[in-house]
Amino acid sequence: MARLIGNKKFEAAIFISGTGSNLKNLIKFSRLKNSPLKINLVISNNKKAQGLVHSKKNKIKTKVFSFYNHKNSENKILNILKKEEINLICLAGFMKILSKNFIKNFRGPILNIHPSLLPKYKGLNTHEKAILNKEKFSGCTVHFVNSKLDSGKIILQRKIKIYKNDNAKSLQKRILKHEHILYPKAIKKLASNL
Ligand code: GRF
C-alpha cells in the first residue's frame, strides 16, 4: 500500500477507454490547492479514446496499449508505472479487466468508479438493468480493484433517485455528474487514511 508522507501527493496514472469526463474532472481536482492528487500519466487501450484530448491539452504523458496481447501490454504498463514512480491507479471508464498478476505486481492502490450501487449491477449496462428491475434508486461507487469484476472493497457511494420518466440515457447523464463529485472525495478519503 502506498504511503503519503507529509505533504506528498499521490502520483497517479489514470486509465481510460472512452469519453474521459472523469479524467477531465480528476485533472481539474488535481489542480486545486492542497489536492492530494498529481496525475503523471494517462493510459488508454484505445488510440481513438475521446478522453485523450484532455491529457494532451494538459500536457500529461499519454500512452496507448492495444491489449491485443493482454499479458504483454500489462507487463509494459507495469514497467512504465515503476519508472514513473506511480503509486495510485484510477480506472475511469477503462474497459479492460486487469489480471491478478497485474494487481499483485503494482505497488499501490487501484481504484475504479462504477455507475451503480455495488454490489448491485456489476459489469455493463447498469442503468438499463436498474430501470428494468424497477429500482427506486441507483448511484455510483468508488471501490478498490481486486481480481473479481467490480467486487473490491467499497470506499464511497452516492445514492441517486430514479424518476418515473427516466430512461438509461437520462439516468446515466445524472449519475455521471455525481461521479464527478464522488471520485475526488474518495481520493481525499484515501489520502487522509494513509
Ligand atoms: C463512467 O460512467 C464510469 O462510472 C464507468 O464508465 C464511465 C466512464 O465515463 N466506469 P467517462 O469516460 O469518464 O466520461
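Further up the page is the structure itself.
Reading guide: rules and limits
- Residues numbered from 1 in each chain as written.
- Predicted model: local features only at pLDDT ≥ 70, side-chain atom pairs only at ≥ 80, totals over all residues.
- Heavy atoms only, no water.
- Phe/Tyr/Trp six-rings, centres within 6.5 Å; stacked < 30°, edge-to-face > 60°.
- Helix = DSSP H or I, 4+ residues; strand = E, 2+ residues; numbered from the N terminus.
- Buried < 20%, exposed > 50% of the residue type's maximum accessible area, 1.4 Å probe, protein only.
- Near = heavy atom within 4 Å.
- Polar contact = N/O pair within 3.5 Å; in protein donor to acceptor, adjacent residues only side chain to side chain.
- Axes fitted to C-alpha atoms, helices over the stretch in contact; angles between N-to-C directions.
- Parallel < 35°, antiparallel > 145°, perpendicular 65-115°, else oblique.
- Left-handed = near helix turned anticlockwise from the far one by under 90°.
- Contact = heavy atoms within 4.5 Å.
- Nonpolar A, V, L, I, M, F, W, Y, C, P; charged D, E, K, R; others polar.
- Pairing = 2+ DSSP bridges.
- Right-handed = clockwise from strand over helix to strand, strands pointing away.

Aromatic ring pairs are reported here in terms of the distance separating the ring centres and the angle at which the planes meet. Enumeration according to the criterion identifies three aromatic pairs in this entry. Both rings, one in F15 and one in F94, keep their centres 5.2 Å apart while their planes meet at 80°; by these two values the pair is edge-to-face. Placement of the pair is F15 in strand β1 (residues 10-16) and F94 in the loop between β4 (88-91) and α4 (100-105), with a sequence separation of 79 residues. The burial state of F15 is the same as that of F94; both residues are buried. Where F67 meets F94, the ring centres are 5.7 Å apart and the plane angle is 65°; that geometry is what we call edge-to-face. Here F94 lies in the loop between β4 and α4 and F67 lies in the loop between β3 (61-64) and α3 (70-83), a separation of 27 residues in the sequence.

The subject of this paragraph is the site of the ligand. Neighbouring the ligand are T19, G20, S21, N22, G93, I113, H114, P115, L176 and E179. Here G20 contributes a backbone N or O atom positioned 2.7 Å from an oxygen atom of the ligand. A distance of 2.9 Å separates an oxygen atom of the ligand from a polar backbone atom of N22. Among the elements of the structure, α1 (21-30), β5 (110-114) and α6 (168-192) are those that each provide at least two residues to the shell around the ligand.

Now for the packing of α1 against α6. Contact geometry of α1 with α6 gives a least axis separation of 10 Å together with a crossing angle of 45°. Considering their axes alone, α1 and α6 lie oblique with respect to each other. Taken as a pair, α1 and α6 cross one another with a handedness that is right-handed. For the pair α1 and α6, contact is made by S21, N22, N25, L26 and F29 and by L176, E179, H180, Y183, P184, I187 and K188, respectively. Its residues assigned to classes, the contact of α1 with α6 shows six nonpolar, four polar and two charged.

Read from one edge to the other, the open sheet built from seven strands follows the order β3-β2-β1-β4-β5-β6-β7, with strand pairing classed as mixed. Edge positions in the open sheet fall to β3 and β7 (154-161), since each of these has one partner strand only. Ignoring which end each strand starts from, the neighbouring axes of this sheet average 20° apart. Bridge count between strand β6 (residues 137-144) and β7: seven bridges; the pairing is antiparallel. By the bridge assignment, H143 is partnered in β7 with I154.

A few words on the pairing of β5. When you tally the buried positions in β5, you get five out of five residues, the bulk of the element. Neither face of β5 is open: one carries I110, N112 and H114, the other L111 and I113, and all of them are buried. Strand direction decides the pairing type here: β4 and β5, joined by three bridges, are parallel. Bridged to C90 within β5 is L111. The parallel pair β4 and β5 is bridged by α4, and the resulting crossover is right-handed. By the bridge criterion, four bridges tie β5 to β6 in an arrangement that is antiparallel. When the bridges of β6 are listed, H114 appears paired with T141.

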